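Fold and geometry: a report
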2 protein chains.
Amino acid sequence: MPVLLFKTEFASLPPWQAALRERMPELEVRLWPALGDAADIEYALVWKPPPDLFSALPNLKVIFSLGAGLDHLLKGVYLPPGVPVVRMQDSALTEGMCEYAVYMALRFLRRMAVYEAQQRSREWRHHLPQPRACELRAGVLGMGVIGRAVAGKLAAMGFEVAGWSRTSKRVADVQNFHGAGQLQAFLERSDILVCVLPLTEATRGILDRARMTRLPRGAFIINIGRGEHLVEQDLLELLEEGHIAGAALDVFAAEPLPDEHPFWRHPRITVTPHNASVTNPDTASAHVVDNIRRAMRGQPLTSVVDLTRGY
Amino acid sequence: MPVLLFKTEFASLPPWQAALRERMPELEVRLWPALGDAADIEYALVWKPPPDLFSALPNLKVIFSLGAGLDHLLKGVYLPPGVPVVRMQDSALTEGMCEYAVYMALRFLRRMAVYEAQQRSREWRHHLPQPRACELRAGVLGMGVIGRAVAGKLAAMGFEVAGWSRTSKRVADVQNFHGAGQLQAFLERSDILVCVLPLTEATRGILDRARMTRLPRGAFIINIGRGEHLVEQDLLELLEEGHIAGAALDVFAAEPLPDEHPFWRHPRITVTPHNASVTNPDTASAHVVDNIRRAMRGQPLTSVVDLTRGY
């Protein structure tokens, strides 16, 4: 009987246990730190594992990341050689990211924050003319599964969309930029920048003063990647200087965002508590169970992480 | 040389004059009330015309509505027999309505008003689990050009969408309800109701207590039709009773919304100042000029209003 160890920080076990059991009744799920006989454990589904967790599991076959990001797993955690790490593939998680990006892009396009403030002061005033979505250029930084979906939904809402990624990714209706050589041109044409990059040593601090200054004056930034992608002090300065018009931030260098952080009260920053999307047990368990079955049959796994590039 | 009379309340003449001139340099545009020789005027592009305006124009050939709604033109205004009324067809206006409906639907789905309030009190708190868009049923009341586009965009964002109209309208991925006999079933399955009906004697007050009570408990209402579609006191009572979860309202029985109106300060009502969309001179002038050319050549016009049904 296959045994899976579940370790999380924020998700609760019961919905995962129910979803996994429905798809694979014979799977035994153990909740960390109650390992039982560690030699039984062949699969681990984890978020922010302790650095030495996997060294205690001699028969581990597959490590599953509970979230779309892998930074929680690849930095400072001992990974047994030869044990594949599988990234989360979850359609509901991807949908949530799309909803958040589209919502915040429309909020900027339609000046909704201004209208909300007007309601609070009972002010009836138009801000016209109103640009069309096709007059704003959205740029998606990071064109993995989530980035490509976000780009497609922004295009469906009428924005002129481009995507940038390390290697070339072709998506219908989305202009393709790739590699370090095309990053500047990508930034220069992006009125709305959506960051959905993985956090790696190559992307940490990518949104610094130099890069953000390349955006057109009046650009809007949506960060649903990781807080460490963005240099927070640089953003505050560029908002102050008027180069950046505003930002919608779901992720921060420190989470929860500290009470005294200036983002909370900034009139042109929307803060959300890292809720752009979460892994959905119902949809995500299909991916986990499929890969457990593949491992049991000795078939190749899907969505295996390339540990050298970090995603 | 064709002469067009322009009468508006909110739009400004210069962008219209520039857009019309670019498409039809020979068109002379006169700004009401400076008619000049009224016998020259063959075309009128109007918003809220004075009741007797058209009786002063002996050679009028076509009346164009400046907005998507026709109620400003069909109620209490003398319409010369045999002069066709043409409704506005404007892709940018339709896009604006779609943006507003999608934005407000996502705002409800993702509880964004709650997160905005949390930011104001510097509160970092999740509200999970988060339903998926496909778990909410959006219903579009009124399936004309705008309603069909709104339904399509809501479906593209993942909502389960149905539309209701007087006569059957088939749209891909949208369930079709029509006629008085199917209104109740349509309301009963609509967690998010978007009203984009034309205002006629048949639709005035359609969103009253009886109809809104048919919506599932916890439903959300988006009104981008006309204020007179919704019985405002009934909505306040149903919000109070908890049957309706909230509403995003762009149109009101009295506009501007009076300073003392309870909607302004209601925590579960979003008020916008009738800005969901406006006619865009650049795109809309193509429709106007095309119909002027058709009239000049004696060809059939497009988008002619059926005066007996009122849209």
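Residues numbered from 1 in each chain as written. Chains lettered and ligands numbered in written order. Predicted model: local features only at pLDDT ≥ 70, side-chain atom pairs only at ≥ 80, totals over all residues. Heavy atoms only, no water.

1. Notes on the pairing of strand β6 (residues 137–141) of chain A
Residues and elements named next belong to chain A. With four of five residues buried, β6 is to be regarded as a mostly interior element. Here five bridges tie β6 to strand β7 (residues 160–165), and the two strands are oriented parallel to one another. For V140, the partnering residue across the bridge sits in β7 and is G163. For the handedness criterion, the β-α-β arrangement of β6, helix α5 (residues 145–156) and β7 is classed as right-handed. Bridge count for β6 against strand β9 (residues 192–195) is four bridges, and the pairing is parallel. Bridge assignment links A138 to a residue of β9, and that residue is I192. (Buried < 20%, exposed > 50% of the residue type's maximum accessible area, 1.4 Å probe, protein only. Helix = DSSP H or I, 4+ residues; strand = E, 2+ residues; numbered from the N terminus. Pairing = 2+ DSSP bridges. Right-handed = clockwise from strand over helix to strand, strands pointing away.)

2. Concerning the pattern of salt bridges
Between side chains of opposite charge, a pair can form when the charged atoms approach closely. Inspection of the entire model under this criterion finds 38 salt bridges over all chains. Linking R211(B) and D208(B) is a salt bridge whose minimum nitrogen-to-oxygen distance equals 3.6 Å. A relative accessible area of 31% means that R211(B) is categorised as partly exposed. Each of R107(A), E116(A), R107(B) and E116(B) takes part in salt bridges that share partners, so that together they form one network. (Salt bridge = Lys/Arg side-chain N within 4 Å of Asp/Glu carboxyl O.)

3. Quick notes on the interface of chain B and chain A
Listed as interface residues are 53 residues of chain B and, on the opposing side, 53 residues of chain A. Taking both partners together, chain B and chain A bury about 4,600 Å²; carbon and sulfur atoms supply 58% of that area. Between chain B and chain A we count eight salt bridges in total. For the side of chain B that touches chain A, the secondary structure elements donating two or more residues are α3 (91–109), α4 (112–120), α5 (145–156) and β12 (269–271) of chain B. Of the residues belonging to the side of chain B that touches chain A, the class tally is 25 nonpolar, 13 polar and 15 charged. (Contact = heavy atoms within 4.5 Å. Buried area = accessible area lost by both parts, 1.4 Å probe. Nonpolar A, V, L, I, M, F, W, Y, C, P; charged D, E, K, R; others polar.)

4. Looking at the relation of the copies chain B and chain A
The two copies are related by a screw operation: chain B maps onto chain A through 180° of rotation and 0.0 Å of translation along the axis, at an RMSD of 0.0 Å. Such a turn and shift between the copies fits a two-fold axis. Measuring from the rotation axis to each C-alpha of chain B, the shortest distance belongs to Y103(B), at 2.8 Å. Of all interface residues in chain B, 100% are interface residues in chain A too; the two copies therefore contact each other through one and the same surface. (Least-squares fit on C-alpha atoms with pLDDT ≥ 70 in both.)

5. Focus: the packing of α3(B) against α5(B)
How two helices sit against one another is set out by the angle between their axes and by the gap between those axes. Residue and element names in this part refer to chain B. For the pair α3 and α5, the least separation of the axes is 9 Å and the interaxial angle reads 45°. Classified by the angle their axes make, α3 and α5 are oblique. Read as a crossing pair, α3 and α5 show a hand that is right-handed. Across the interface between the two elements, L93, T94, M97, C98, A101, V102 and A105 from α3 touch V145, I146, A149, V150, K153 and L154 from α5. When the residues that make up the contact of α3 with α5 are grouped by side-chain class, the tally is 11 nonpolar, one polar and one charged. (Axes fitted to C-alpha atoms, helices over the stretch in contact; angles between N-to-C directions. Parallel < 35°, antiparallel > 145°, perpendicular 65-115°, else oblique. Left-handed = near helix turned anticlockwise from the far one by under 90°.)

6. Brief notes about the packing of helix α1 (residues 13–23) of chain A against helix α9 (residues 281–297) of chain A
Residues and elements named next belong to chain A. α9 packs onto α1 with a crossing angle of 50° between their chain directions and a minimal axis gap of 9 Å. Classified by the interaxial angle, the pair formed by α1 and α9 is oblique. Considering how the two elements wind past one another, α1 and α9 form a crossing that is right-handed. Between α1, through P15, W16, A19, L20 and R23, and α9, the contact on the second element is made entirely by P281, D282, A284, S285, A286, V288, V289 and R293. Residue composition of the contact of α1 with α9, grouped by class: nine nonpolar, one polar and three charged.

7. Considerations on the sheet that holds strand β4 (residues 62–65) of chain A
Each strand in a sheet pairs with its neighbour through backbone hydrogen bonds, running either in the same direction (parallel) or in the opposite one (antiparallel). Residue and element names in this part refer to chain A. Reading across from one edge, β2-β1-β3-β4-β5 is the order of the five strands in this open sheet, with parallel pairing throughout. Each edge of the sheet is formed by a strand with only one pairing partner; in this case those strands are β2 (28–31) and β5 (85–86). The sheet contact formed by strand β3 (residues 43–46) and β4 spans four bridges and is parallel. Counted as the bridge partner of L45 is F64 from β4. Most of the contacts of α1 go to β2, to which it runs at about 165°, and overall it touches β1 (3–7), β2 and β3.

8. Remarks on the confidence of the model for chain A
Looking at chain A as a whole, the pLDDT averages 96, with 100% of positions reaching at least 70. ipTM for the predicted complex: 0.95, alongside a pTM of 0.95. (pLDDT = per-residue confidence, 0-100.)

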